[in-house]
Amino acid sequence: AGEVRPGVAATLRALNEALGLPAALWVKESSARNLRHRDFLVPRAALRAAFPGGQVPADVLELVASLCGAGVLAVRDAQQTPAGLEVRLQRPEAFRRLLLCSASGPAPALAPCVVLHCPAVRGPVAPRPRHLRPLLLADHLAQLLRAQGVHVRLVPALAEEGRRDVLRQLRVDWPAGPAGPDLADAVSALKRALARAPCAAGCGQGPSAAALPADVICKVQLKGFMEQQDLVGYDPNLDVLLVTEGKLRSVAELQQAALQCTVSNPAALQAPCLPDTLPFFCCSIVHVVSCEEEFQQQQLDLLWRILDPGPHTALQKYLVCGPVKVTNPSSPIRADQYLQLRKRQMYEASVMKYGELAQDKAWTEVIDTLTAAAIRFEMLSTAHRSQITLDLQDSSISTKGTKSGAFVMYNCARLATLFDTFQRAVEQGTYPPLPPPSELNFSCLREEGEWLLLFNYLLPFPEVLQQAAQLPAPTNEIRITANTEAVCKFLVQLSMDFSSYYNRVHILGEPFPHLFEQMFARLRLLAAVRDVFHSALGTLHVPPLSQI
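Parameters and conventions
- Residues numbered from 1 in each chain as written.
- Predicted model: local features only at pLDDT ≥ 70, side-chain atom pairs only at ≥ 80, totals over all residues.
- Heavy atoms only, no water.
- Helix = DSSP H or I, 4+ residues; strand = E, 2+ residues; numbered from the N terminus.
- Contact = heavy atoms within 4.5 Å.
- Areas by Shrake-Rupley, 256 points an atom, 1.4 Å probe, with all protein chains shown as cover.
- Expected span 1.5 Å × (residues − 1).
- Buried < 20%, exposed > 50% of the residue type's maximum accessible area, 1.4 Å probe, protein only.
- Phe/Tyr/Trp six-rings, centres within 6.5 Å; stacked < 30°, edge-to-face > 60°.
- Pairing = 2+ DSSP bridges.
- Axes fitted to C-alpha atoms, helices over the stretch in contact; angles between N-to-C directions.
- Polar contact = N/O pair within 3.5 Å; in protein donor to acceptor, adjacent residues only side chain to side chain.

Identification of the chain as DALD3 protein from Eolophus roseicapilla is taken from an unreviewed UniProt entry.

A.B. asks: Is there a simple way to think about the overall build of the chain in this case?
C.D. replies: When its secondary structure is counted, the chain shows 20 helices and 14 strands. Contacts in the chain between residues at least 24 apart in sequence constitute 76% of all its contacts with a sequence separation of at least 6. Total accessible area computed for the chain in this model is approximately 24,600 Å², and 53% of it derives from carbon and sulfur atoms.

A.B. asks: What is the right way to look at helix H19 (residues 486-504) in this model?
C.D. replies: Helical geometry: 3.6 residues make up each α-helical turn, so side chains three or four residues apart lie on a common side. Across its 19 residues, H19 extends 27 Å between first and last C-alpha, which sits within 8% of the 27 Å expected from 1.5 Å per residue. Taken together, the buried positions of H19 are Val487, Cys488, Phe490, Leu491, Val492, Leu494, Ser495, Asp497, Phe498, Ser499 and Tyr501. Of the surrounding elements, those touching the buried residues of H19 are helix H6 (129-147), helix H15 (361-380), helix H16 (405-427), helix H17 (448-458), helix H18 (461-468) and helix H20 (513-538).

A.B. asks: Help me understand the packing of aromatic side chains in this model?
C.D. replies: Tallying each qualifying case throughout the model produces eleven aromatic pairs. Here Phe95 and Trp451 contribute two aromatic rings whose centre-to-centre distance is 5.7 Å and whose plane-to-plane angle is 70 degrees, an arrangement assigned as edge-to-face. Of this pair, Phe95 sits in helix H5 (residues 91-100) while Trp451 sits in helix H17, and the two are 356 residues apart along the sequence. Accessibility expressed as a relative area gives 1% for Phe95, which makes it buried. A residue is classified by how much of its surface remains accessible, and Trp451, at 3% relative accessible area, is buried.

A.B. asks: Could you clarify how one ought to interpret the sheet that holds strand S7 (residues 200-201) in this entry?
C.D. replies: Strands belonging to one sheet form pairs held by backbone hydrogen bonds; the direction of such a pair is parallel or antiparallel. The strand order across the open sheet formed by three strands is S7-S8-S9, and the pairing between neighbours is antiparallel. The open sheet is flanked by S7 and strand S9 (240-244), the only strands paired with a single partner. Pairing of S7 with strand S8 (residues 216-221) involves two bridges; the strand directions are antiparallel. If you follow Ala200 over to S8, its bridge partner there is Val220. Those strands touched by helix H10 (residues 222-229) are S8 and S9, and its axis lies near 40 degrees from that of S8.

A.B. asks: I tried to follow the sheet that holds strand S4 (residues 84-89) on my own but got confused; where do I start?
C.D. replies: Strand order in the open sheet made by the four strands is S1-S2-S4-S3, with antiparallel pairing throughout. For this open sheet the edge positions go to strand S1 (27-28) and strand S3 (75-81), each flanked by a neighbour on one side alone. Relative to the sheet, helix H1 (residues 8-19) contacts S1, strand S2 (40-43) and S4, its axis offset from that of S2 by approximately 40 degrees.

A.B. asks: Even after reading the chapter, I still don't get the environment of Arg97, so can you show me in this structure?
C.D. replies: Within the secondary structure, Arg97 sits in helix H5. Judged by its relative accessible area of 7%, Arg97 falls in the buried class. Distance in space between the C-alpha atoms of Arg97 and Ser438 is 9.7 Å, their sequence separation being 341 residues. Those residues within four positions of Arg97 in sequence are excluded, and the remaining contacts are Glu3, Val4, Pro6, Gly69, Gly71, Val72, Leu73 and Ala74. Polar contacts involving the side chain of Arg97 include one to the main-chain carbonyl oxygen of Val72, which spans 2.6 Å.

A.B. asks: Would you mind going over the side chain of Glu378 with me for this structure?
C.D. replies: Within the secondary structure, Glu378 is located in helix H15. When its relative accessible area of 12% is taken as the criterion, Glu378 is described as buried. Within polar-contact distance, the side chain of Glu378 engages the side chain of Arg342 at 2.7 Å.

The following block contains the structure:
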């Protein structure tokens with residue numbers, strides 16, 4: 001086995017243990033200004049509360065200074081200053097350890113299984129931008145969960161071709177296809193269960209059935225069922241549900257996905273399927289819904305519980321998206337019109353920057369990728385429960401403004417161009433090939449931007465992905481939250497700090513042997529930065545650009 005990859009969480013844990021106190025007092029510095037002096041800090045106020053007179057004992061100070069362990073960054077020195085207890089790391093050693101290690105961690109011993117259900121897939125034939133938000137969120141969350149070893153199933157399958165084309169352009173990887181015969185059998189089984197349900201009325205023949213609309217199979221008393229089961233968190237206005245064939249089909253799709261998810265995950269079959277083990281055992285069901293869809297989905301949720309009282313129906317949770325407000329629309333805009341508008345703005349912005357573009361396949365692909373990135377960042381950079389506002393007349397979302405997906409893609413392409421230029425120079429004999437990391441001298445990485453890239457981005461990146469995919473601990477509350485906006489924010493901030501460094505530092509210098517040592521160390525650092533860009537963009541289903 002290779003060396004354990006160092007991490008922020010492991011280092012903070014070891015620092016807190018060294019203090020011998022139950023509270024977590026250390027904070028990681030992130031600003032360039034503070035990182036000139038220290039890497040970790042216990043603020044002065046916290047020291048006063050933890051130690052008599054705020055004075056750290058000498059033996060504790062010595063323990064902090066000699067910190068070591070698997071995944072723990074080596075300490076250079078620890079000292080008490082007017083700001084508090086400060087720690088500086090052995091930075092060349094941190095560069096060496098991190099750039100020699102793989103970013104991937106061990107696979108989980110028991111992988112959970114999650115069904116992500118997005119009712120917007122069944123939405124209107126002409127979806128609006130608000131229908132895109134839960135779809136893009138579910139697609140991103142699926143990638144984040146899979147990166148953590150989670151088995152994910154997406155439902156329902158896409159059937160309508162027009163919506164399929166919009167999602168294809170946005171790089172959404174969603175299953176598609178017609179319903180199979182198994183679904184019809186599942187619907188028939190649910191109808192039989194409905195006829196036996198004590199809270200259902202009007203099933204089959206009789207006066208009560210004749211009084212129902214033609215497309216209604218029967219009606220179900222949801223309020224009485226909620227009170228009987230002591231369910232909390234549901235809308236108090238839920239009362240009577242008129243059950244149709246379409247509603248039963250929706251329940252059957254969920255039921256089949258939950259069963260298939262469990263069967264395809266052998267670990268789940270061997271584990272107890274209990275609500276208090278969510279999301280690590282059996283199969284969890286997460287409804288990714290807009291705030292407008294939540295009420296209708298709660299109706300189907302309760303209907304499923306009534307017809308199938310198995311343990312998986314008790315594992316339903318809701319990830320609710322806030323409203324999408326569209327400003328300056330001349331008329332209600334469809335999702336495909338919104339996509340074409342952003343694509344036109346992206347094209348016009350690119351023409352202003354680069355001049356008239358060649359109408360070839362390569363540039364069309366670049367514009368399509370930039371548009372998909374811009375829309376994903378527009379939809380996913382905000383916490384999912386908050387409102388987002390789409391200003392259709394504001395084209396800054398499609399330019400190189402530092403908050404946009406286009407800005408992230410631009411910096412990713414700059415890295416691709418750098419390595420392409422280096423490779424051509426190697427082939428021409430200008431530079432020797434890049435040596436392996438074990439042969440490099442990382443002590444020559446002394447520019448503050450280099451430590452910023454490693455300490456704020458390369459080091460915590462696996463933890464950023466893990467936290468973004470983390471579903472909260474189970475409670476009786478049916479709503480959950482997830483930090484899915486973290487990846488977009490991480491990429492934007494990385495792009496800003498990389499751009500500042502790249503504009504300030506000349507990477508490919510004159511071909512003199514005495515300059516190669518520093519150039520090679522910088523290239524190895526930027527290769528790791530490039531890998532982080534690619535991995536993070538992969539969770540957004542946005543391919544990196546090799547040109548722009």
